[in-house]
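# Residue-level structural notes
The lines below spell out each chain.
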Amino acid sequence: MDFSQQIAQYIVTGLTIGAIYAIVAMGFNIIHNATGIVNFAQCEFISLGGMFMYSLVVLFKVNLIISFFISTAGVALIGALIEIGPIRHARSKEIIVLIFLTIGLSEVLRGTAQEVWGTDNVGVPAFSGENPIHLLGGGTIVPQHIWIFAITVLVMLLLHYFFKKTLMGKAMRATAVNRRAAALAGISVNRMTLFSFAFSGALGAVAGIIIAPISTTSYDTGIMLGLKGFAAAILGGYGNFAGAILGGVILGLLESLGAGLVSSQYKDAIAFSVLLLVLFLKPTGIMGYGEAERV
Amino acid sequence: MLKIDGISSHYGGVQALDDISLFQREGEILALIGGNGAGKTTLLNLISGIIRPSCGKILFKGENIVSFPPERIVELGIIQVPEGRHLFGPLTVRENLELGAYRRRGKHNKKKISEDFKYILQLFPVLEKRLNQRAETLSGGEQQMLAIGRGLMGKPVLLLLDEPSLGLAPLVIQEIISVIERLRKEGTTVLLVEQNARAALRISDRAYVLETGKIWLHGTASDLLGTVEVKRAYLGQDSMAFSIR
Ligand SMILES: Nc1ncnc2c1ncn2[C@@H]1O[C@H](COP(=O)(O)OP(=O)(O)OP(=O)(O)O)[C@@H](O)[C@H]1O
Ligand SMILES: [Mg+2]
């Protein structure tokens, strides 16, 4: 494999992992826009997605596609329950209190997952085999990378359609912009917040499911992925949807090229250096307008 | 249609409304007049369910709606156009109007909603050219028209207008007044909150004057207009807005 092929390989890997970060970042953004909080339970949504998938496919031998949808719906339900229960009934609606609440919930979910599944890393079969596909230039790509990429694009298109074209999606955006005005238009702010948690749950699950065949999964895989998705969201501009995609892809590429060309030791350090750099230089991120965007 | 019975309201320990009672008949334009901090917006927000009273009842068509959440009150057709517009700034003009019709969502209303959409563009032609523009990029007057248009998209049974003339040029105010008059002709009941007493009294049937959380005067608009004129002459004020003292 010559150098340019190697670069191409890093780019493919970078885009794949970037796609995962973008989905995770989107999950953070949706809840942030609806409530103003950072939901740290997002990390657990990813782990749970992977572990549900593992249980269904490997332990219960359920069909892959059915497992995909059950796992996603299951985590969406957990997201919804988090909102209906602790978040909605929190005595204090202070942002900082709610954020700590999500950290606590995240601990509870992870603890429960550890009780159920133990601490082992487990594998999930790839969606369509492991045989690498040869690319025109001479490089290769594992089919799962194509799945990740295709599913991410599909998820983004669905989200775009939902938020731009459906009344419910517009109502969610309206609620994010101005809760009082939304209430005065007859939009139930509670219901929109509930939807946002369910959506984020589903997004986290999808990320956890599609990456599981590549990187294995465990009760706490979501922590690292979640934090990097969070970094991608910050990089793109927290709360901004296009920013989530851009941030995810840039971070994925930096990480993959950095790991390949410099040293794989620095893989994780790259994401967090980028996070710190953005927070230091331009806290509103690439696409961010700052707080003025949210009234 | 609307009956408010002994409503009091507090923000923390501060009393904003003190034992307010008033009523409004169907098809009537009722003006609620008062200076800054009199409690007008507070009263509208109580009706809309945005805040809860400390005591008292709000009856709409005989039903006490005091504990209803805002979306249920909107569902009854009580629609507020809030003070300061509160548009969905990053959303387009078209989306803002569509969301105004949120309470009528569902297949069977589609045709009526698109008819109302056209009707509103006819009321406010300036909006037509700006349908795909973000609402926050409109001028102040255009934003107020959009806010009213969004309210009308909900097909109000009772329309609550909070200071629709605030900060607008006389020409635009005139335009909004003629829209209100047109709405009345079509049978919409309007509760109009204004500091601009003369303009409000000229188009309304009856009025209440609110001062520091209490009702200070009420009567037919023409009677009150007389009172205002008398006060104005007496106090030598020449502005359109009047001070209640
Ligand atoms: N959110 C709030 N928190 C605390 N006090 C408030 C709040 N909103 C209003 N008040 C107080 O309640 C009183 C009535 O306010 P309100 O907004 O109802 O007046 P208004 O008649 O609408 O005045 P304006 O014509 O200036 O809009 C004022 O003294 C105001 O300071
Ligand atoms: Mg007011």
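Being a predicted model, the structure only gives us computed values, none of them experimental.

Calculation criteria
Residues numbered from 1 in each chain as written. Chains lettered and ligands numbered in written order. Predicted model: local features only at pLDDT ≥ 70, side-chain atom pairs only at ≥ 80, totals over all residues. Heavy atoms only, no water. Helix = DSSP H or I, 4+ residues; strand = E, 2+ residues; numbered from the N terminus. Rg over C-alpha atoms; globule rule 2.2 N^0.38 Å. Contact = heavy atoms within 4.5 Å. Donors = N, O, S within 2.8 Å, 3.2 Å for Na, K, Ca; no water. Buried < 20%, exposed > 50% of the residue type's maximum accessible area, 1.4 Å probe, protein only. Salt bridge = Lys/Arg side-chain N within 4 Å of Asp/Glu carboxyl O. pLDDT = per-residue confidence, 0-100. Buried area = accessible area lost by both parts, 1.4 Å probe. Polar contact = N/O pair within 3.5 Å; in protein donor to acceptor, adjacent residues only side chain to side chain. Pairing = 2+ DSSP bridges. Axes fitted to C-alpha atoms, helices over the stretch in contact; angles between N-to-C directions.

Quick look at the overall build of chain B now. If you tally the helices and strands in chain B, you get nine helices and 10 strands. Taken against the 2.2 N^0.38 rule, which gives 18 Å for 245 residues, the C-alpha radius of gyration of chain B at 18 Å falls within 12% of a compact globule. With respect to the principal axes defined by its C-alpha atoms, chain B has extents near 50 × 40 × 35 Å. In chain B, the share of contacts with a sequence separation of at least 24, taken over all contacts with a separation of at least 6, comes to 67%.

Here the focus is the coordination of the magnesium ion (ligand 2). Residues and elements named next belong to chain B. The magnesium ion (ligand 2) binds to the protein through Thr41 (OG1) and Glu83 (OE), with metal-donor distances spanning 1.8 to 2.4 Å. Remark: glutamate 83 occurs in the loop between strand S6 (78-81) and helix H3 (93-100) and threonine 41 occurs in helix H1 (residues 40-48); sequence separation between them is 42 residues. With relative accessibility at 28%, the residue glutamate 83 sits in the partly exposed group.

What follows covers the pattern of salt bridges. Inspection of the entire model under this criterion finds 17 salt bridges over all chains. A salt bridge links Lys214(B) to Asp18(B), with the nearest nitrogen and oxygen atoms 3.0 Å apart. A residue pair is termed long-range when its members are at least 10 positions apart, and Lys214(B) in strand S10 (residues 214-220) and Asp18(B) in strand S2 (residues 14-24) qualify at 196 residues. Residue Asp18(B) is classed as partly exposed on the basis of its relative accessible area of 24%. Here Asp116(B) and Lys155(B) are joined by a salt bridge, their closest N and O atoms 3.4 Å apart. Here the residue Asp116(B) occupies a position in helix H4 (residues 110-123), and Lys155(B) occupies one in the loop between helix H6 (140-153) and strand S7 (158-162), the gap between them amounting to 39 residues. A network of salt bridges, in which partner residues are shared, links Glu44(A), Glu107(A) and Arg110(A).

A separate point is the side chain of Arg104(B). All names here are of chain B. Here arginine 104 shows up in the loop between H3 and H4. Using a relative accessible area of 7% as the deciding quantity, one classes arginine 104 as buried. Not counting residues within four places of it along the chain, the set of residues in contact with arginine 104 comprises Asn109, Lys112, Ile113, Asp116, Met153, Gly154 and Lys155.

Residue and element names in this part refer to chain B. Mean pLDDT over chain B stands at 90; residues scoring 70 or higher make up 93%. When the criterion is pLDDT under 50, residues 235-245 qualifies, and its contacts beyond four places in sequence or with other chains add up to 22 contacts. Quick note on the complex model: pTM equals 0.90, ipTM equals 0.90.

For the rest of this paragraph, the subject is the confidence of the model for chain A. Residues and elements named next belong to chain A. Mean pLDDT for chain A: 91, with 97% of residues reaching 70 or above. The spread of mean pLDDT over the elements of chain A runs between strand S2 (residues 140-141), the lowest at 82, and helix H2 (residues 42-59), the highest at 97. Long-range and interchain partners of residues 290-295, a stretch whose pLDDT sits below 50, account for nine contacts in this model, where long-range means more than four residues apart.

For the rest of this paragraph, the subject is the interface of chain A and chain B. The partner chain B presents 22 residues to the 21 residues of chain A that form the contact. Roughly 2,000 Å² of surface becomes buried between chain A and chain B when both sides are summed, with 63% attributable to carbon and sulfur atoms. At the boundary of chain A with chain B, the tally comes to two salt bridges. Between Glu95(B) and Arg173(A) there is a salt bridge whose closest N-O contact spans 3.1 Å. Summed over the shared surface of chain A and chain B, the number is four residue pairs in polar contact (both at pLDDT 80 or more).

Time to look at the sheet that holds strand S3 (residues 29-33) of chain B. Residues and elements named next belong to chain B. Taken together, the six strands give an open sheet; going across it, the order is S6-S7-S8-S3-S9-S10, and neighbouring strands pair in mixed fashion. Since the sheet does not close on itself, it has two edges, and those belong to S6 and S10, each with one partner. Geometrically, the sheet is characterised by an average inter-axis angle of 15° between neighbouring strands, direction not taken into account. Relative to strand S8 (residues 189-194), S3 runs parallel, the two sharing five bridges. When the bridges of S8 are listed, isoleucine 29 appears paired with valine 190. On top of the sheet, H1 reaches S3, S6, S7, S8 and strand S9 (206-211); it is set at about 150° to S7, its chief contact.

Right, let's get into the environment of Phe60(A). Looking at the secondary structure, you find Phe60(A) in the loop between H2 and helix H3 (64-89). C-alpha separation for the pair Phe60(A) and Ala183(A), spaced 123 residues apart in sequence, amounts to 45 Å.

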